[in-house]
Amino acid sequence: MPPSSQTRTTPLVEIRVSEPLDARTAVDVSGLLEDAVAQRPMQLIVDLAECEYVDATGVILLVDTHRRVWQDGGRMTLRGLSPRLRRILEIARVDRVLHTGPLLAETAANRPDSEVDHGMVVVDPADRGARRIAHSRHGRDPGSPPARPGTGGRRPARAEEPMTRIVCARDLAGRPVVTFDGDDIAQIKDVVYAATNGSVIGFTLAGRKLLSGPKPQMLRWKDVHAVGRHAVMVTDTERLIGPSDFDTDPAGGADVLGDTVLTVGGTALGTVTDVLVDIGGDADVVGFEIVTTDALPPAGRRALIPRTSGSGVSGEAIVVSDTSTGFVTSDLAGFVASLSSWRSRESGVS
Amino acid sequence: MLFIDMRSRPVVATSSATTLARVGDVVVDPRSRSIVALRVQGSGSDDVVHWPDIAGIGPDAVTVASADAVRDAEGRVADLLSGSYGILGKRLLADNGDELGRVMDIRFEPTTGAVTEVITTGGRVEGHRLMGCGSYAAVVRAEDAPVQT
């Protein structure tokens, strides 16, 4: 039943919701919205200025109404959203689906076409991460090359975007391992990396269900399809292997947690509390989270420091260059920027 | 059409003109990216209508030839039913490991049952990107450009 413009006679219907939109009031509001949709308006305005709160029932109702209006060729706009309501819609992850802009009819004159609501827009899957990364990219020298030039090596996910995607190894723990069939077959327990060359070898795994207990299986980085914000993707169950097949050399896989970070000049900068991994590239360890000594005052704070390529790493200490103290940052966004300038400096020196 | 518009519709046998059951859930085969069966309610123990057994999908009823069309699952449908087949309400995951939302509905081609779109709380995804549907999530191929309408 495609919408026909001939029968569309109602340009605008406005509904004002003056009570909290929750399970209690949803029936009434639903009836109103039902009537509004039945009039097949070009524009349906739902004014929520006096609505204090929207719960899950309300969100579903709004999304459903939006969908029906949109399918019918009309548009639904939410108006008068308080910061709190915006936040609720954000949490429900429908903030990009529901149009919350200014009233189309009122502002059409001074509004470019590109801002006109085109209905439901698919949220970029990488939305949040991309925003964060884009934000941190501002700190980078625009002229500097991408942190990971896209040559050689397999690159999980979005091969066309050589983006730096740095995570704390700790944050990967607990992330489900999901097959292309959609089954969660394990979850990440620990990150195993080669101390010698600073790359991630793979992950140790834990079971997902109570009955499965700890799984003796492991996952090699080369068998990982992608590490996303919500899951680690593998093609199928066969990717999990037994510990005996895990090709880690005896010296590799050293645990650097608790290691002292030492400069070439012999100053202890701090103790390693986590490893920073670039999962956008070849899963290199790009830096460390440390708890600082007096050398990086105030002592005892958390700081992020880039790894110096080619320097020694043992189960005891990690050696970084003297200049790396100038690239210490306190958060990941800062670290990405710092890492970029650190790398251009390192490559310039050698 | 959208599955939500088909849900709860009566399943009517054309031979006897009686209502056999009502449409409950949809069984999608992620391999063929199409609807392979409907779960129906109110028919007793047999609760599946295989897609080829559907005679018509109208605005008021889903029609089948006879009461025999409501039966036990067979073959691929039985395999799917033994797993986590339910796609509605499931989280949708791109194969890059990022979550896209929860599946709210699916749009399909009424003649073939082909899934043309997966509608989620985070937006819509073309049906041909569907890869799997399991215990954790429905998985779709991550695509560079978001779909805009």
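Note: the structure precedes this text.
Residues numbered from 1 in each chain as written. Chains lettered and ligands numbered in written order. Predicted model: local features only at pLDDT ≥ 70, side-chain atom pairs only at ≥ 80, totals over all residues. Heavy atoms only, no water.

Visitor: Requested: an account of the overall build of chain B, with residues and values cited.
Guide: If you tally the helices and strands in chain B, you get one helix and 13 strands. Within chain B, buried positions represent 52% of all 149 residues. Long-range pairs, those at least 24 residues apart, make up 47% of the contacts in chain B with a sequence separation of at least 6. Carbon and sulfur atoms make up 48% of the accessible area of chain B, which totals about 5900 Å². (Helix = DSSP H or I, 4+ residues; strand = E, 2+ residues; numbered from the N terminus. Buried < 20%, exposed > 50% of the residue type's maximum accessible area, 1.4 Å probe, protein only. Contact = heavy atoms within 4.5 Å. Areas by Shrake-Rupley, 256 points an atom, 1.4 Å probe, with all protein chains shown as cover.)

Visitor: Describe the overall build of chain A, listing the residues and the values that go with them.
Guide: For chain A, the helix and strand inventory stands at seven helices and 16 strands. Taking all 350 residues of chain A together, 48% fall into the buried category. Once local pairs closer than 6 in sequence are excluded, the contacts in chain A between residues at least 24 apart make up 60%. Summed over all atoms, the accessible surface of chain A reaches about 16600 Å², with 54% contributed by carbon and sulfur.

Visitor: Please give an account of the sheet that holds strand β4 (residues 48–50) of chain B that cites residues and values.
Guide: All names here are of chain B. Pairing is mixed across the open sheet formed by seven strands, whose spatial order is β5-β6-β1-β2-β3-β4-β7. The outermost strands of the open sheet, each flanked by one partner alone, are β5 (54–57) and β7 (70–71). With three bridges connecting them, β5 and strand β6 (residues 62–64) associate as antiparallel partners. For isoleucine 57, the partnering residue across the bridge sits in β6 and is valine 62. In this fold helix α1 (residues 75–82) packs onto β2 (18–29), β3 (34–41) and β4, with an angle of close to 75° to the strand it touches most, β2. (Pairing = 2+ DSSP bridges. Axes fitted to C-alpha atoms, helices over the stretch in contact; angles between N-to-C directions.)

Visitor: Tell me about the nonpolar core, and name the residues and values.
Guide: Counting residues in each nonpolar core, the largest one holds 36 residues, and the members touching the most others are Val177, Phe203, Leu219, Phe288 and Ile290 of chain A. Listed by contribution, the elements that provide at least two residues to this core are α6 (169–172), β6 (184–194), β7 (199–206), β10 (232–234), β13 (268–278), β14 (284–292), β15 (302–306) and β16 (317–320) of chain A. When residues of this core are assigned to their parent elements, the largest contribution, five residues, is made by β6 of chain A. Those residues in contact with valine 177 of chain A, other than ones at most four positions away along the chain, are Asp183, Asp184, Ile185, Ala186, Gln187, Ile188, Leu205, Leu219, Val232 and Val234 of chain A. By size, the runner-up hydrophobic cluster in this structure holds 33 residues, among which are Phe3, Val11, Val49 and Val70 of chain B. (Core = buried A, V, L, I, M, F, W, Y, C linked by side-chain atoms within 4.5 Å.)

Visitor: Lay out the sheet that holds strand β2 (residues 43–47) of chain A in plain terms, naming residues and giving numbers.
Guide: All names here are of chain A. Strand order across the open sheet formed by three strands is β1-β2-β3, with parallel pairing between neighbours. In this open sheet, the two edge strands, each paired with only one partner strand, are β1 (12–16) and β3 (75–79). Within this sheet the neighbouring strands show an average axis-to-axis angle of 15°, counted without direction. Both β2 and β3 contribute to a ladder of five bridges, which runs parallel. The partner of leucine 44 across the bridge, within β3, is methionine 76. This element, helix α1 (residues 26–38), spans β1 and β2 of the sheet and lies at about 175° to β1.

Visitor: Could you give me a rundown of the pattern of salt bridges, with the residues and numbers involved?
Guide: All chains considered together, the criterion is met by 20 salt bridges over all chains. Glutamate 289 of chain A is paired through a salt bridge with arginine 302 of chain A; the nearest N and O atoms lie 3.2 Å apart. Of this pair, glutamate 289 of chain A sits in strand β14 while arginine 302 of chain A sits in strand β15, and the two are 13 residues apart along the sequence. With its nearest N and O atoms 2.7 Å apart, the salt bridge here joins arginine 39 of chain B to aspartate 47 of chain B. Salt bridges linked by common partners bring Glu14, Arg16, Asp47 and Arg79 of chain A together as one network. (Salt bridge = Lys/Arg side-chain N within 4 Å of Asp/Glu carboxyl O.)

Visitor: With reference to specific residues and values, describe the environment of threonine 292 of chain A.
Guide: Residues and elements named next belong to chain A. Residue position: threonine 292 is located in strand β14. Measuring from C-alpha to C-alpha, the distance between threonine 292 and alanine 303 comes to 6.8 Å, with 11 residues separating the pair along the chain. Once residues lying within four places of it in the same chain are set aside, the contact partners of threonine 292 are Leu269, Gly270, Pro298, Ala299, Gly300, Arg301 and Ala303. In this structure the side chain of threonine 292 is engaged in a polar contact, spanning 3.2 Å, whose partner is the backbone oxygen of proline 298. (Polar contact = N/O pair within 3.5 Å; in protein donor to acceptor, adjacent residues only side chain to side chain.)

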